[in-house]
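Observations on the three-dimensional arrangement
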Amino acid sequence: MPIRQLSETMINQIAAGEVIERPASVVKELVENALDAGASRVEIVTAGGGLNLIRVTDDGSGIPERELALAIARHCTSKLTEDINDIRSLGFRGEALPSIGSVSRLSIRSRTVASDSAAEIGIEGGRVLPVRPAAANRGTTVEVRDLFFATPARLKFMKGERAESSATSDVVKRIAIAFPAVRFTLAGSDRSMLELPAADDSAEGSLRRVAQVMGADFPDNSIAIDAMREGVHLTGHVSIPSFTRANALQQYAYVNGRPVRDKLIAGAIRGAYADVLPRDRHAVTVLFLTLDPAIVDVNVHPAKADVRFRDPGLVRGLIVGAIRQALADAGVRAATTGAAGMMAAFRPGAASYGHGGPANGHRSYDAAYRASGPSGFDPVRSPQRPLDMGFEGAGFEQRGLRDNEQAAFDAGASADARAGQDEAAETLLGAVLGAARAQVHENYIVAQTRDSLIIVDQHAAHERLVYEALKNALHSRPVPSQMLLLPEIIDLPEEDAERLAVHSETLARFGLGIERFGPGAVAVRETPSMLGETNVGQLVRDLADEIADNDTVDTLKERLDKIAATMACHGSVRSGRLLKAEEMNALLRQMEATPGSGTCNHGRPTYIELKLADIERLFGRR
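Residues numbered from 1 in each chain as written. Predicted model: local features only at pLDDT ≥ 70, side-chain atom pairs only at ≥ 80, totals over all residues. Heavy atoms only, no water.

Let us look at the overall build of the protein. When helices and strands are tallied, the protein shows 21 helices and 27 strands. In the protein, which comprises 622 residues, the share counted as buried stands at 45%. (Helix = DSSP H or I, 4+ residues; strand = E, 2+ residues; numbered from the N terminus. Buried < 20%, exposed > 50% of the residue type's maximum accessible area, 1.4 Å probe, protein only.)

Structural data, given as structure tokens:
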């Protein structure tokens, strides 16, 4: 078959195959165009999941009538200068509108500030319709109907209406986070409405927009990030370790205001939380990277979803370091969702009966019935007993409990009557984790602050403390190594051997001694003592792969940390051990001084805090 020039329609349809994957892709391109035009209000309407109709209306600068024909021509744009390395807009290629028009029925109606009237142009399956006058407010309305009617094969790969609508909603939310000063509305054929009111461009306004998208719980369970390194500025919010999700869908990343799904950023977030989250849980993050456009390439993906950094190690190190520093500075914090779950567990529910007792559903009568047992009603155990019954033998006096029994509940004494400890010092009540009051079920420490009740899992808490101490000892000096009787020669591609040789000093600090052994091999002479007998070849190959991906040697560090975590688990205070009041308070003080002590090595929370206001609500006092 001879080589020939493809038709313009075929070229646009091929481009559409790369750029327009589904209705959500169309919405993304059109919303980005609206934002590049300076819109302060963007309204999106869809029908049939976006396959039947997509309409995007904005109040931006508009398109002059004489430029409408250029707007739907390939590679025509107002956003790009002669320098491809200086991209400061969301769009820049000038191929979205012609690509959309080649597979749908597209119309563009626009009016500029300086114009007294609007104009409209259309394109159906690649066939351009003439420009005609129209009526419209300032801004642009782009309407897309019958998406993929010109390429029916693509329709077979579309998911259901609900799935397509959900993808569109996710795209709008992802973009909206980066533009808090813009009002977004999204309406679907099922009459559902997503409305994100405009906020200001301040840090508080940005956080309000994040809360609109990610839920009101996120701001209360997040930590602010603000770090700079060699011209790269990182800002945003990340969740505390006890506030997690089952997947990474709530990890939002932006590079110069552009939403991206970059594996380097995702890997950096995962590495930053490696010590504090279980493998099946994911942090919730919103991160904004601001840097010179010349040192980041956004033209590496058809949909501009991926980017490439000139110095990926710098960006990864900045993200990991900033998050870990923020987690350390935040001290101990428990997720507010833990208190919510605790309140739900405490809240009284409907009574259930497994016997032939009272049928009126009143819980207090049911309790009396249960207390009576098979021998009949016992007035001493009845919740309806009067306080002046005088059951001397049952532990009551005329005024109620005896003095020594009442002492355990007296506000001036400890709740742990067994220990007989004195009232907690005012300084302890003012501490983050308060003063230890009791140990229940030989595993949980109950502590009191001025305005809350705290329950601590003693084993999980001490496990984190021991782990952090082991890590500090491990990384504060070179890791002890063991000399191999015979060096192990590992054959590798020459580029992998070169990468390992460049990082040999760092690896030696972690106890792994390697050196070049010819052009395509390395010789391993020492391994970390903590690893014992290990598969040296697999370890070296894993390190080579990681250096190729991220220019780091965290694989070895993670293996050593995993061993330290196992040692911490077996060396910490076990469940079932009775602790004295001094030991419990000492544990609480150590938790306050240890970064990351809000979760154990496996990612489980070490304590739960219930505010006094929540307790009063449980008892109907508020």
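Compared with the 27 Å implied by 1.5 Å per residue over 19 residues, the 27 Å span of helix 10 (residues 312-330) between its first and last C-alpha is a close match. After helix 10 finishes, the residue Gly-331 shows a positive phi value of roughly 70°. (Expected span 1.5 Å × (residues − 1).)

Formed by 92 residues in total, the largest nonpolar core has its most connected members in Val-42, Tyr-273, Leu-289, Phe-309, Ile-319 and Ile-323. With near-sequence residues (within four places) excluded, Tyr-273 lies in contact with Val-238, Ser-239, Ala-283, Thr-285, Ile-323 and Leu-327. Listed in part, the 22 residues of the second largest apolar core include Leu-500, Ile-514, Leu-539 and Leu-556. (Core = buried A, V, L, I, M, F, W, Y, C linked by side-chain atoms within 4.5 Å. Contact = heavy atoms within 4.5 Å.)

With 18 residues, helix 15 (residues 458-475) should cover 26 Å at 1.5 Å per step; its first-to-last C-alpha distance of 26 Å lies within 8% of that length. Helix 15 sits mainly inside the fold: 13 of its 18 residues count as buried. Capping the start of helix 15, Asp-457 holds a side-chain oxygen 3.2 Å from the backbone nitrogen of His-459, two or three residues further along. (Polar contact = N/O pair within 3.5 Å; in protein donor to acceptor, adjacent residues only side chain to side chain.)

We now examine the sheet that holds strand 27 (residues 607-611). As summarised here, the arrangement of the four strands in space is 21-22-23-27, forming an open sheet in which the pairing is antiparallel. Edge positions in the open sheet fall to strand 21 (435-440) and strand 27, since each of these has one partner strand only. Across this sheet, the average inter-strand angle for adjacent strands is 20°, counted without regard to direction. In terms of strand pairing, strand 22 (residues 444-448) meets strand 23 (residues 452-457) through five bridges, oriented antiparallel. From the neighbouring strand, Ala-447 faces strand 23, where its bridge partner is Ile-454. Sheet strands in contact with helix 15 are strand 21, strand 22 and strand 23, and its direction is about 70° off that of strand 23. Helix 20 (residues 581-593) rests against strand 21, strand 22, strand 23 and strand 27 of the sheet, and its axis sits at about 120° to strand 21. (Pairing = 2+ DSSP bridges. Axes fitted to C-alpha atoms, helices over the stretch in contact; angles between N-to-C directions.)

Side chains of Leu-6, Met-10 and Ile-14 sit close together on the surface and give an oily, nonpolar patch of about 250 Å² of accessible area. Along the chain, Leu-6 falls in the segment before helix 1 (8-19). (Patch = residues over 30% accessible without salt bridge, like charges linked within 9 Å, V, L, I, M, F, W, Y side chains within 5 Å. Areas by Shrake-Rupley, 256 points an atom, 1.4 Å probe, with all protein chains shown as cover. Salt bridge = Lys/Arg side-chain N within 4 Å of Asp/Glu carboxyl O.)

A few words now on unusual backbone geometry. Even without glycine at this site, Asp-146 takes up a positive phi of about 50°. If you trace the backbone, Asp-146 turns up in the loop between strand 7 (139-145) and helix 5 (152-155). Positive phi outside glycine occurs at Asn-256, with the angle close to 50°. By the secondary structure assignment, Asn-256 is in the loop between strand 13 (251-255) and strand 14 (258-260).

Structurally, the position occupied by Ser-452 is in strand 23. Looking at Ser-452, the relative accessible area reads 7%, which means it is buried. At 2.5 Å, the side chain of Ser-452 and the side chain of Thr-449 are in polar contact. With sequence-adjacent residues up to four places away left out, Ser-452 is seen in contact with Ala-447, Glu-609, Leu-610, Lys-611 and Leu-612.

You can see Gly-513 is positioned in strand 25 (residues 513-516). Separated by 29 residues in the primary sequence, Gly-513 and Leu-484 place their C-alpha atoms 9.9 Å from one another. Ignoring any residue separated from it by four or fewer positions in sequence, one finds Gly-513 in contact with Ala-523, Val-524, Arg-525 and Glu-526.

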